[in-house]
Amino acid sequence: MAASVLDAIKEQLHGSSDAVYQSINIHGQPCMLIYIPSIVDTLSLQEFVASPLKAEANAEPDWPGFLKRLDHGSAFAIPYIKVYDIDRAVELAVSGNAVLCIEGMPFLYYFEITHYQKRAVSESQNELVVIGPQEAFIEDVATNLSLLRHIIKHADLKTKHFSIGKYTKTDVYLVYIEGLYKPEILAEIEEVLVNLNMDGALGISYIAEHVKQGKFSPFPVFQYTERPDSVAASLMEGRVGILQDGTPSALLTPVTFMSLLQSSEDYYQSFYAGSWIRMVRFLFSIIALVLPAFYVAVTTFHSQIVPSDLLLTIAAARENIPFSALTEALIMELTFEALREAGTRIPKPVGQTVSIIGGIVIGQAAVQAGIVSAPMVIVVSITGIASYIIPHLELGLTFRLLRFVLLVLGGTMGLLGVIVAVFIIYGHLVHLKSFGTPYMQPIAPLILEDWKDTLLRVPNPFMTRRSSSFTGSKNDRRQRPK
Amino acid sequence: MRTTNWQIFRFSLVYFNSQTSIFLIPVIVSGSGYQGWISILFGSAMSVVLLFFMIKAGKLKTGDSWIDFGSQFMGKWGHRVLVLLLLCWCVYYTSYDIENFVLFFGSNYMRGTPPLFIQLAIGIVIAYTAAKGAATIIYMADGVFLLLIATTFFSLYLFLPNANFQMLPAFIHYFDPGTTIKDAVTVTSWFAEWVVLLFVAPELKINYSFMKKVLLAEFVLTVLVLAGWALTMLNFGPHLGKDVQYPYLDMVRSSSHDDIMGNLDPILIGIWSASMFIHSSFMIYAASKCALYLTKQKGKKLMVPFLVFCSILIAYLYSRSITRYYSDFNSFLVVILWLVVECIPVYYTMAAFIKSRINKPAS
Amino acid sequence: MKLLRLGMALLLLFSLTGCWSKLELDELTFIFGMYVDSGKEPETVELTISTPLPNRLVSGTQGGTSQGKSYSTVTKTAHSITDAIIMIQTDLSRRLEISHIKAIVIGQEYAANGIHELLEWCKRQPEIPQGTYIMAAPGKASEVARLSAVYEQLPDQVLRNFSELNLTYATTIRDCLLAEANNMGYAMNYLSFGVKPDEKDQGEPVKWAGVQGVMLFNGMKKTGTLNSDESRALSWAAGDLSGHLSLPMYTVVWNEQDSKGKASALFYSDTVSRKVQMTADGPVFHIRLKGKASVTLFDDNNTDEAVDHNRLIQSKLEERIKSEVKKALEHTQEAGSDVLQLGMLLEWNHPKEWKKLKERWSDYYADRARIVVKTDISIVDFGASK
C-alpha cells in the first residue's frame with residue numbers, strides 16, 4: 001500500500017527534477033518528505049519539520065507512540081493536516097506544501113509552509129496622492145489581505161475564497177462588509193466564480209470579462225484600484241471587492257460614472273480644493289471627449305461661432321495646409337496615440353530621448369513644414385492632457401476610443417453630428433447598469449442627497465449618510481464622532 | 001427602478017420645454033400681440049383642467065397601465081379606436097418635431113444639406129432612445145434638467161440688455177376677446193399633452209402627490225413661457241415680432257457684438273435639442289406601446305424603428321412641399337385635432353362615470 | 001441583427017458622402033464691411049465689399065510691413081444687391097461668408113433714394129447678424145472703404161469701433177428694422193471723410209474718417225442730418241435707442257457781473273425718461289434728461305474755488321443741454337422723423353388715441369407734437385484740484 005502511495009506520487013511528479021525526496025528512517029520505518037525547495041520556506045522546513053523528525057529518529061525507538069503523537073497533532077510545533085487522496089497530495093506538493101509520506105500508511109501529512117518570491121510593499125505607481133497613504137497592493141494575496149485588514153479591523157469584513165483555473169488554481173477572494181453590501185451583487189459574482197471553468201486566470205480582468213458577459217458596452221462596469229485605502233473606503237460604502245493572487249490590483253463593483261472620476265486625493269485635501277479639482281476634472285473629461293470634434297465641426301461648418309479675431313488667426317494658420325481639417329485632426333490624433341503607446345513600452349534609458357524627439361518633431365517641425373496647423377496642435381495637446389486627468393485609466397481608455405468616433409461624426413456632419421453622438425452616448429450611459437446600479441447616478445436619476453459627494457466634496461462632518469448608489473443596508477447612517 | 005415624484009416634475013419640465021420655448025412663442029406673438037400673456041394664462045388654466053381629467057383617468061385602476069384597463073370602460077372596439085388615434089397622433093406629432101427641427105437647425109446652421117439627411121440622423125437618435133424604455137428616458141430628462149435650467153436662465157439674461165421696458169404698460173392696455181380666446185385655445189393644445197403621462201403609469205403611481213408635482217411643473221412652465229414671451233415682445237415688439245421666424249435665435253445673435261457671448265447660439269441650441277429628443281422619444285415610446293397593444297405584442301423588435309420610419313416619411317413629404325407644412329402647422333384645424341386627442345382622458349373619465357351610474361341603480 | 005448591420009452600413013455610407021455645407025476655412029473669404037451706393041444708372045445699386053486677407057494680417061503683425069494692404073475691396077454694380085453679390089462672387093476665388101460682417105455703410109444718394117431693399121435683404125438672411133452696425137457716408141460709401149486704418153488693422157474695424165464707442169449713435173440693423181416695423185423714424189451715424197495730405201501711410205496720403213453727426217430716416221428714406229452738437233444731444237435724449245451715449249462732455253461759458261469764465265464737465269451717468277401725458281388738446285411728451293457730471297475744467301477770472309460756483313455751472317449746463325436737445329428735436333420735427341419713437345409711447349399707453357393718429361403720425365409729429373424737455377444735472381465731483 002505504502003509503496004504504491006509513494007510510487008503514485010513519484011509517477012505524477014515524474015519529470016519535475018526540482019522535486020526533492022528526503023527520506024528519513026524513523027524507528028526503523030522509512031518515511032519520505034516530499035517538497036519543492038523553491039516554493040517552500042526551507043528554514044521553517046528545517047526547523048519545524050526536518051529537525052524534529054531527525055530528533056525523533058535519534059530518540060528511543062517508539063513507533064506506536066510516534067504514530068499516536070502524529071495522530072493527536074502534537075508531533076510538530078507547526079500545524080499539519082492529514083490527507084488521504086493522492087491527487088490532492090500531489091496538488092499540495094506543487095503548491096508549496098511539504099508532504100510527509102509514511103511507509104505502510106495509506107494517509108499522508110502535509111505542512112503549510114508555502115513561501116513564494118514576492119516584492120516588498122511599495123508606493124502606488126499609478127494612483128498618486130500627495131497627502132495620504134502611499135502603500136499599494138502587491139502580487140501576493142496574503143499580503144494584500146493583510147494590508148486590507150490593517151485598515152478594517154472588524155469581524156464583519158468577510159473574505160470568501162475561490163480557486164479559479166485548472167492549471168493556475170489562483171486564489172480569489174471576495175471581500176465585503178456584512179450588513180452594508182447589496183446581496184444581489186454578491187450572489188451574481190459568486191455564481192459566476194463558482195461556475196468558472198478556464199485554464200487559468202492570469203490577471204483579474206479575465207474574471208471581470210466573464211462577469212461582464214453579455215454587456216458589450218465600451219464603458220467599464222468595474223473599477224480597478226491598487227490602493228488598499230480605496231478598497232477599504234469602497235467596502236465601507238457598501239461595495240464588493242475582488243482580490244486575486246498574482247494581480248496587484250483589486251476589482252470594485254458596482255461602479256458609477258462619477259465614482260470613476262473621483263480619486264482618493266479628493267478626500268485627503270481640504271474640501272475646497274477637493275471640490276474645485278473635481279469640477280475641473282469633470283469639465284476636462286468632457287473636453288477630452290468633445291474638443292477635437294467640436295473644433296473640426298466649428299472650423300469646417302459653423303465658422304459663425306468663432307469670434308472674428310480668432311477666426312482670422314486660424315484661417316491664416318490653415319492657409320497652406322494640404323489636408324482638410326478632419327484629416328489633419330485624424331493624423332494628429334493617431335500620431336498622439338502612437339506616441340502614447342510607445343511611451344508606455346519604451347525602456348527607461350531611452351524614454352527621455354524619445355519624448356523630446358516626439359515633442360519637437362510633432363510640435364515644432366510638423367507645423368513649420370506645413371503639414372498641420374498650430375491651432376490643431378494646441379487642440380490635440382489639450383485633449384491629450386485632458387484625457388490623463390481622469391484618475392481611472394479604464395475610463396480614460398474608453399474616452400480615447402470614443403473621441404475618434406465623435407471626431408469622424410463631427411467632421412462629416414458638423415455640429416449636428418456632435419450633438420447626435422453625444423446624445424446617443426448619454427442615452428447609452430443612462431441605460432447602462434453596473435450590477436443593478438444605474439451608471440449615471442446621481443446625475444440621472446437625480447438624487448440630490450448624493451450630490452454631497454459628486455462634484456462637490458462636502459466636509460466630512462456633513463457626510464452623514466452612505467451613498468444610496470452602493471449601500472444595501474437599511475440604516476445608511478455613517479457613524480458620527482462622539 | 002428608483003422613481004420618485006420629483007422626477008416627474010423634472011421630466012415634465014424637460015418634456016414640455018422644447019417645443020413651447022422656441023415654437024409656441026412666435027405663434028402667440030404674431031397672433032395676439034400685446035395680449036399674449038392673457039392667452040398664455042388662460043391656456044395654462046384650461047390645460048390644468050385637462051390635467052385633472054388625466055389624473056382621474058390614471059387613478060381608475062392603479063397598478064395597471066391605461067392601455068390594459070381602458071377596454072373595461074370603453075368597450076373593446078372603442079378602446080381600440082382611441083388607442084389607434086393616439087398612436088397616429090404620436091407619430092404625426094413626432095414628424096412635426098422632426099420637421100421643425102430640420103427647418104430650425106437646417107435653415108440656420110446647415111444650409112445646403114438635404115433635409116432627408118438631418119431627418120435620418122435625428123430619426124436614428126429617436127429610435128435608439130425610444131427603444132430604451134420609459135425609465136431610461138425619464139432618467140435622461142433628470143440629467144438634462146439642471147443644464148436646461150441653467151441655459152434657460154442664461155438665455156433669458158442675454159435678452160435683457162436690449163429689452164425695452166417702457167413697453168410694459170401696453171400689456172394691460174390692450175384687450176380684444178376674440179383673438180385672446182382663439183390664442184388661448186392654441187396655447188391649451190400646446191400645454192395639454194398630459195395624455196402621454198398615462199404611459200408612465202406602470203412605473204409611477206398616479207396619485208395626489210403626483211398631481212401636485214405635475215401642477216408645479218405646469219406653473220413653472222407657464223412662468224418660463226411668459227418670461228420668454230415677454231422678453232420677445234420687449235425686444236422686438238409685435239410688429240417686427242410677427243415677421244421674424246425664430247426670434248429666440250435673433251435675440252441670442254444680436255445680444256453682443258463680437259465676443260463669444262453673441263456667438264454661443266449653437267451651444268444653446270445643442271442643449272435645447274436634448275430636450276427635443278426626449279420629447280420625440282417619449283412620444284414614439286408611447287406610440288410603440290399603443291401599437292404593440294393593437295398587434296397583441298407581436299413584432300416587439302421592429303416596432304420602434306417602423307414608427308420612426310413613418311414619422312420620417314411624413315416629415316420628408318412635408319419637406320418637399322414647405323407651403324403645405326406651414327399652412328398645416330398654423331391652421332386651426334390642427335389645434336382642434338390636437339385637443340380632440342388630448343381630451344382622451346376626459347372620454348374615459350366620462351365613460352367610467354356613466355358606467356358607475358348605470359351600475360349603481362342596478363345594484 | 002441583420003437590420004442593425006444594414007442600419008450601420010447605411011450610416012457609414014452617409015458619413016462617407018460627406019456633408020453638403022462643408023467648407024474649409026481656407027476656402028472662405030469673410031465679408032467684414034459692406035458699402036452700398038446708388039449705381040450710375042437709376043434703379044441700380046453699386047456694392048463694395050471689404051474682405052481681410054488673413055496671411056497678410058498675421059504676418060504683418062509678426063513684424064513684416066510693406067506686404068501690401070491687409071484687406072481687399074471689390075466693387076460691382078447690378079440691379080439688386082443679390083445680383084451684385086453674385087457678380088462679386090464670380091470675381092473671387094473663394095466663397096463669400098457674411099456672418100462676420102462688422103459694418104454696413106450706405107452712400108448719401110442711396111439713403112435718399114430709399115434703403116428698403118437693403119433692410120429686407122438683411123432681415124431675411126439668417127447668417128447676417130442683426131447686431132451689425134449701419135452708418136451713412138457723406139458722399140459715396142465706396143470711398144469710405146478705402147480709409148487708412150492706422151489704429152486698427154482693417155478699415156471695417158475702425159467703422160465698427162466708431163459705433164461701439166457710442167459717442168453719438170450705435171445703430172444696428174435691428175434698430176432700423178424695429179423702427180421701420182413700428183413706422184417710426186430712426187437715426188444713424190453720419191460719417192465725415194477727408195484726406196490728410198501731410199501724413200503718409202505706405203506712400204499714399206492718409207484718408208481719415210470720423211463721425212460728423214447723425215442722418216435722420218423715416219420710411220426707409222433719408223430725411224435730414226444733424227450736426228455734431230445736436231447729434232450728441234439727440235443721442236442723449238434717445239437713451240437706449242441710440243445704444244446709450246457714453247461719457248458726453250460739455251463746456252459752458254458765462255459772463256456775469258461778478259464772474260466770467262468757462263467750465264467743462266464730463267458726464268459719467270446720463271439717463272433719460274420719456275413719458276406721455278394726455279391732455280384735452282392731445283398728447284404732450286415729457287422728456288427728462290438726468291446726468292451726473294464731474295468737472296474737468298474750471299477757469300475763472302477770480303481766484304474762487306470751483307465748488308463755490310457749483311450752482312452756476314449746474315444751471316449753465318442744464319440750460320445748454322436743454323437748448324441743444326430742443327433744437328435737435330425741432331430739426332427732427334422739421335424732417336418728419338420721430339427719432340425718439342414717441343409714437344410708440346402713445347401706442348403703449350393710450351391705444352385709443354393712437355388708433356386715431358396712427359395713419360398720419362409723421363405729419364402729426366412734424367406739425368403738432370408738443371415736446372417738453374427738462375434737465376436735471378448734478379455735479380458729483382470736481383476732479384483733482386479745488
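This one's a predicted model, so the numbers in the text were calculated from it and none came from an experiment.

This paragraph deals with a positive patch on the surface. On the surface, Lys242 of chain B together with Lys352, Lys355 and Lys358 of chain C cluster together into a patch of positive charge. Position of Lys355 of chain C among the secondary structure elements: in helix H12 (residues 351-357).

We now examine the packing of helix H16 (residues 393-431) of chain A against helix H5 (residues 115-130) of chain B. Close contact between H16 of chain A and H5 of chain B brings their axes to 10 Å; oriented N to C, the two are set at 5°. In terms of axis orientation, H16 of chain A runs roughly parallel to H5 of chain B. Residue-level inspection shows Met413, Leu416, Val420, Phe423, Ile424 and His428 of chain A of H16 of chain A in contact with H5 of chain B, the latter providing Phe117, Ile118, Ala121, Val125, Tyr128 and Thr129 of chain B. Looking at the contact of H16 of chain A with H5 of chain B, its residues break down into 10 nonpolar, 2 polar and no charged.

For an interface, size is often stated in terms of accessible area lost upon the parts coming together. The interface of chain B with chain C comprises 31 residues on the first partner and 30 residues on the second. Between chain B and chain C, the buried area comes to about 2,800 Å², and carbon and sulfur atoms account for 57% of it. Run the count over chain B and chain C and you get 1 salt bridge. A salt bridge links Asp243 of chain B to Lys123 of chain C; its shortest N-O distance comes to 2.7 Å. Counting across the chain B and chain C interface gives 10 residue pairs in polar contact (both at pLDDT 80 or more). Broken down by secondary-structure element, the contributors of at least two residues to the side of chain B that touches chain C are helix H4 (76-109), H5, helix H7 (168-173), helix H9 (208-243) and helix H10 (247-253) of chain B. In terms of residue count, H9 of chain B provides more of the side of chain B that touches chain C than any other element does, 6 residues in total.

A word on a nonpolar patch on the surface. All names here are of chain B. On the surface, a cluster of nonpolar side chains totalling about 360 Å² of accessible area is made up of Leu85, Phe332, Ile336, Val340 and Tyr347. Secondary-structure assignment places Phe332 in helix H14 (residues 332-342). Judged by relative accessible area, which is 33%, Phe332 ranks as partly exposed.

A few words on the interface of chain A and chain B. Each side of the interface is counted separately: chain A has 29 residues, and chain B has 35 residues. Between chain A and chain B the total buried area reaches about 2,800 Å² when both faces are included, carbon and sulfur atoms providing 75% of it. Applying the counting rule to chain A against chain B returns 0 salt bridges. Our count for the chain A to chain B interface comes out at 4 residue pairs in polar contact (both at pLDDT 80 or more). Ranked by residue count, the leading element in the side of chain A that touches chain B is H16 of chain A, at 12 residues. A class-by-class count of the residues in the side of chain A that touches chain B yields 19 nonpolar, 8 polar and 2 charged.

Our next topic: the confidence of the model for chain B. Mean pLDDT over chain B stands at 84; residues scoring 70 or higher make up 94%. Here helix H3 (residues 66-74) of chain B is the element of chain B with the lowest mean pLDDT, 74, and H5 of chain B is the one with the highest, 91.

With that settled, the discussion passes to the pairing of strand S1 (residues 20-26) of chain A. Residue and element names in this part refer to chain A. Direction of pairing for S1 relative to strand S2 (residues 29-35): antiparallel, over a ladder of 7 bridges. Bridged to Gln22 within S2 is Leu33. Count of turn residues in the S1/S2 antiparallel hairpin: 2 residues, of which His27 carries a positive phi of about 50°.

Let us now look at the pattern of salt bridges. Applying the stated criterion across every chain, the model contains 28 salt bridges over all chains. A salt bridge links Arg10 of chain B to Asp142 of chain B, with the nearest nitrogen and oxygen atoms 2.5 Å apart. Within this pair, whereas Arg10 of chain B is found in helix H1 (residues 5-32), its partner Asp142 of chain B is found in helix H6 (residues 134-159), the two being separated by 132 residues in sequence. Of the residues examined, Asp142 of chain B reaches a relative accessible area of 0% and is grouped as buried. Among the charged side chains, a salt-bridge network with shared partners connects Asp266, Arg278, Arg281 and Asp453 of chain A.

Residues and elements named next belong to chain A. One open sheet holds the 5 strands; their spatial order is S6-S7-S9-S10-S8, and the pairing between them is antiparallel. The open sheet terminates on both sides in strands that have one partner only, identified here as strand S6 (157-164) and strand S8 (223-225). On average, each strand axis in the sheet is inclined to that of its neighbour by 25°, with strand direction left out of account. As defined by bridge partners, strand S9 (residues 240-244) adjoins strand S10 (residues 250-253) across 4 bridges and the pair is classed as antiparallel. Looking at the pairing, Leu243 lines up with Ala250 of S10. Across the sheet, helix H6 (residues 183-195) is in contact with S6, strand S7 (170-177), S9 and S10; its angle to S7 comes to roughly 170°.

This next bit is on the sheet that holds strand S13 (residues 282-300) of chain C. Residue and element names in this part refer to chain C. Strand order across the open sheet formed by 4 strands is S11-S12-S13-S14, with mixed pairing between neighbours. For this open sheet the edge positions go to strand S11 (249-255) and strand S14 (370-381), each flanked by a neighbour on one side alone. In this sheet, neighbouring strand axes are inclined to one another by 35° on average, regardless of whether the strands run parallel or antiparallel. Two elements, strand S12 (residues 260-279) and S13, share 18 bridges in a ladder whose sense is antiparallel. By the bridge assignment, Lys275 is partnered in S13 with His286. Strand contacts of helix H9 (residues 228-238): S11, S12, S13 and S14, with the helix running at about 45° to S12, the strand carrying the most contacts.

As enumerated under the stated definition, the model contains 58 aromatic pairs over all chains in all. Measuring from ring centre to ring centre gives 6.4 Å for Phe257 of chain A and Tyr439 of chain A, while their planes differ by 50°; the resulting arrangement is tilted. Here Phe257 of chain A, found in helix H9 (residues 257-260), pairs with Tyr439 of chain A, found in the segment after strand S12 (437-438); they are 182 residues apart in sequence, far enough to count as distant. Accessibility expressed as a relative area gives 6% for Phe257 of chain A, which makes it buried. The interplanar angle of 85° and the centroid separation of 5.3 Å between the aromatic rings of Trp6 of chain B and Phe9 of chain B together place this pair among those described as edge-to-face. Of this pair, Trp6 of chain B and Phe9 of chain B both sit in helix H1, 3 residues apart, which is roughly one turn of that helix. Chaining the aromatic ring pairs together yields one cluster made of Trp89, Tyr92, Tyr93, Tyr96, Trp190, Tyr318, Tyr325, Tyr326, Phe329 and Trp338 of chain B. Taking NZ or CZ as reference, Arg80 of chain B lies 4.9 Å from the ring centre of Trp77 of chain B, over its face.

All names here are of chain C. Looking at the secondary structure, you find Gln314 in helix H10 (residues 310-335). Judged by relative accessible area, Gln314 falls into the buried class, the value being 19%. Discounting residues that sit within four places of it in the chain, Gln314 has contacts with Ile377, Ser378 and Ile379.

Along a regular strand, successive side chains alternate from one face of the sheet to the other. Residue and element names in this part refer to chain A. Within strand S4 (residues 98-102), 5 of the 5 residues are buried, which leaves it mostly tucked inside the rest of the structure. Residues Ala98, Leu100 and Ile102 line one face of S4 and the alternating positions Val99 and Cys101 line the opposite face, and both faces are buried. Two strands pair when backbone bridges link them, and S2 and S4 are joined in this way by 4 bridges, in the antiparallel orientation. Paired with Leu33 across the strands is Leu100, a residue of S4. Where S4 lies against strand S5 (residues 108-111), 4 bridges are found, and the strand directions are antiparallel.

Time to look at the side chain of Asp229 of chain A. Residues and elements named next belong to chain A. Among the secondary structure elements, Asp229 is positioned in helix H8 (residues 228-237). Polar side-chain contacts of Asp229 include one of 3.0 Å to the side chain of Arg227. Setting aside anything within four residues of it in sequence, one finds Asp229 in contact with Pro133, Ile151, Ser264 and Tyr268.

Before going further, it helps to examine a negative patch on the surface. Residues and elements named next belong to chain C. The grouping of Asp258, Asp304, Glu305 and Asp308 at the surface amounts to a negative patch. Here Asp304 shows up in the loop between S13 and H10. Judged by relative accessible area, Asp304 falls into the partly exposed class, the value being 36%.

Of note, the amide linkage connecting Thr253 of chain A to Pro254 of chain A takes the cis form, showing an omega dihedral of -5°. Within the secondary structure, Pro254 of chain A is located in the loop between S10 and H9. Geometrically, the link from Gln441 of chain A to Pro442 of chain A is a cis peptide bond, its omega value of -5° lying close to zero. Examined against the element boundaries, Pro442 of chain A turns out to sit in the segment after S12. Its identity is not glycine, yet Lys296 of chain B carries a phi of approximately 55°, on the positive side. On the secondary structure map, Lys296 of chain B appears in the loop between helix H11 (265-294) and helix H12 (300-320).

All names here are of chain A. Over its 22 residues, helix H14 (residues 348-369) extends 30 Å from the first C-alpha to the last, a length consistent with the 32 Å expected when each residue adds 1.5 Å. Of all the bends in H14, the largest measures some 30° and sits at Val361. Among all positions in H14, only Gly351, Gly358, Ile362 and Ala366 are buried. Residues of H14 that are buried make contact with helix H13 (325-345). Two residues or fewer after H14 comes Gly370, characterised by a positive phi angle close to 80°.

Calculation criteria
Residues numbered from 1 in each chain as written. Chains lettered and ligands numbered in written order. Predicted model: local features only at pLDDT ≥ 70, side-chain atom pairs only at ≥ 80, totals over all residues. Heavy atoms only, no water. Patch = residues over 30% accessible without salt bridge, like charges linked within 9 Å, V, L, I, M, F, W, Y side chains within 5 Å. Areas by Shrake-Rupley, 256 points an atom, 1.4 Å probe, with all protein chains shown as cover. Salt bridge = Lys/Arg side-chain N within 4 Å of Asp/Glu carboxyl O. Lys, Arg positive; Asp, Glu negative; His and termini not counted. Charge placed at Lys NZ, Arg CZ, Asp CG, Glu CD. Helix = DSSP H or I, 4+ residues; strand = E, 2+ residues; numbered from the N terminus. Axes fitted to C-alpha atoms, helices over the stretch in contact; angles between N-to-C directions. Parallel < 35°, antiparallel > 145°, perpendicular 65-115°, else oblique. Contact = heavy atoms within 4.5 Å. Nonpolar A, V, L, I, M, F, W, Y, C, P; charged D, E, K, R; others polar. Buried area = accessible area lost by both parts, 1.4 Å probe. Polar contact = N/O pair within 3.5 Å; in protein donor to acceptor, adjacent residues only side chain to side chain. Buried < 20%, exposed > 50% of the residue type's maximum accessible area, 1.4 Å probe, protein only. pLDDT = per-residue confidence, 0-100. Pairing = 2+ DSSP bridges. Phe/Tyr/Trp six-rings, centres within 6.5 Å; stacked < 30°, edge-to-face > 60°. Lys NZ or Arg CZ within 6 Å of the ring centre and 35° of its normal. Expected span 1.5 Å × (residues − 1). Bend = angle between axes of the 7 residues up to and from the residue.

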